[in-house]
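Each chain, written out:
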Amino acid sequence: MRRLPIPPLAGLATIGLLALTGCGTQTGGTAADAATATGAGRTVHAQKVMRLTTVHQETGMTLLEGPVFDEDGQLLVVDVTAPAGERKVLRVDVREKTSRMFHTDDRGTYTSAQFSPYDGRVYLTDFSHGEIVSLAPDGGDPRTFFSGEVDGARMNPDDLAFDQEGNLFVSDSRGMSEGKPTGRVVRIGRDGQKATVLADGLSAPNGISFDTDYRGLWFSELTEDRISYLLLDGEGGAASRHTAIRVDGGIAQTDSIAVDADGNLYQALHGRPAMAVYSEHGERLATVEVPARAAEGLESATNVAITPGGRKAYMTVSGPDGGYLYTFDALAEGIRQSNGG
């Protein structure tokens, strides 16, 4: 989720127009040789599926996020800037190219969605109110799963990931509006009772996803254009962390992250309707982008969901022209780590 001021929805139209160019440091040989060797020159063109939203008059924009497939193969998508009473969570039939309201309310600013492996409910991060909200699989029975302060400060929860036992790991984008490194990665027990800070001093952490064997977490920092790896200790704590990938984003920023069955990272780009794809060893494999002829009026690709057990990927793209779904063939099959968050 991008640069949202607080209180919610205030001044959303001032989000900057950004652009992203390339990634990686080249050493030895020509630039063309290095690009070929690393895969940085490979471009995957995504194809339009449908437009889901138009700009809301009340908020001056639309911003799609958090795509996640449910058990019926329908895609849930959140609209971060949807005003009260409009479709804050949409349920999309990607085959029929239709959508309908899944959930709305009068206050939430939802930035991500993911189903819990523990209770089967869908969990939403409410960025502006510092809460995690859950819904029944049919969109009903809204509950506040977590609210309040963590170590003396309320969260600005952006994205989330579940471990295999149903505990939540949240990117807390505190300091985003002030530009201060006060963001955190927070673990919340599956009962919602205990919250633990695993990493702090972060610059607006955004995307978060487990690696394929649940040993650690990848997370991106929006205002530093970097992806870090947080190794877990197996007992609910952190063992170590390090900067894993530096994204040469120019004036663009690193958004949400997904991981496929081969461990590849799909790094969404706020400021360009595109995603950068890396191996778990930091090699740039490809760039997924909206073709130039269709990119006018589209500013960001915020997130992606890869069909579980398949390679069809669906990317949320937004800008002054509206909110869209685009599709492309992923490099490997979809797993839990590439479905929501």
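Bear in mind the structure is a predicted one, so any value in this text is a computation, not a measurement. (Residues numbered from 1 in each chain as written. Predicted model: local features only at pLDDT ≥ 70, side-chain atom pairs only at ≥ 80, totals over all residues. Heavy atoms only, no water.)

**Focus: the pattern of salt bridges**
Opposite charge on two side chains allows them to pair when their charged atoms are near. For the structure on display, the rule yields 9 salt bridges. For Asp141, the salt bridge is made with Arg121, and the minimal N-O distance between the two is 2.9 Å. Pair noted here: Asp141 is in the loop between β9 (131–135) and β10 (143–146) and Arg121 is in the loop between β7 (110–115) and β8 (122–126), with a separation of 20 residues, a long-range link. Classification of Asp141 by relative accessible area gives partly exposed; the value is 39%. The salt bridge involving Arg226 is made with Glu221; its shortest N-O contact spans 2.7 Å. Of the two residues examined, Arg226 and Glu221, each falls in the buried class. (Salt bridge = Lys/Arg side-chain N within 4 Å of Asp/Glu carboxyl O. Helix = DSSP H or I, 4+ residues; strand = E, 2+ residues; numbered from the N terminus. Buried < 20%, exposed > 50% of the residue type's maximum accessible area, 1.4 Å probe, protein only.)

**Side note on the sheet that holds strand β18 (residues 216–221)**
Read across the open sheet, the 4 strands follow the order β17-β18-β19-β20; overall the sheet is antiparallel. The open sheet has two edge strands with one neighbour each: β17 (205–210) and β20 (238–246). Across this sheet, the average inter-strand angle for adjacent strands is 25°, counted without regard to direction. (Pairing = 2+ DSSP bridges. Axes fitted to C-alpha atoms, helices over the stretch in contact; angles between N-to-C directions.)

**Let's talk about the packing of aromatic side chains**
Scanning all chains against the criterion turns up 8 aromatic pairs. Both rings, one in Tyr324 and one in Tyr326, keep their centres 6.3 Å apart while their planes meet at 55°; by these two values the pair is tilted. Neither Tyr324 nor Tyr326 differs from the other in exposure class; each is buried. (Phe/Tyr/Trp six-rings, centres within 6.5 Å; stacked < 30°, edge-to-face > 60°.)

**Concerning the side chain of Gln114**
Within the secondary structure, Gln114 is located in strand β7. At 3.4 Å, the side chain of Gln114 and the backbone nitrogen of Phe162 are in polar contact. A distance of 3.1 Å separates a polar side-chain atom of Gln114 from the backbone oxygen of Gly340. Beyond its immediate chain neighbours, meaning those up to four positions away, Gln114 contacts Val68, Arg121, Val122, Tyr123, Leu160, Ala161, Phe162, Arg336, Asn339, Gly340 and Gly341. (Polar contact = N/O pair within 3.5 Å; in protein donor to acceptor, adjacent residues only side chain to side chain. Contact = heavy atoms within 4.5 Å.)

**Let's talk about the side chain of Arg187**
Tracing the chain through its elements places Arg187 in strand β15 (residues 183–188). Lacking a salt bridge, the buried Arg187 has Asp163 as its closest oppositely charged neighbour, with an N-O distance of 4.6 Å. If sequence neighbours within four positions are ignored, Arg187 has contacts with Asn167, Leu168, Phe169, Lys194, Ala195, Thr196, Leu198 and Gly236. (Lys, Arg positive; Asp, Glu negative; His and termini not counted.)

**Section: the environment of Tyr278**
Residue position: Tyr278 is located in strand β23 (residues 274–278). Taking the C-alpha atoms as reference points, Tyr278 and Gln267, separated by 11 residues in sequence, lie 7.8 Å from one another.

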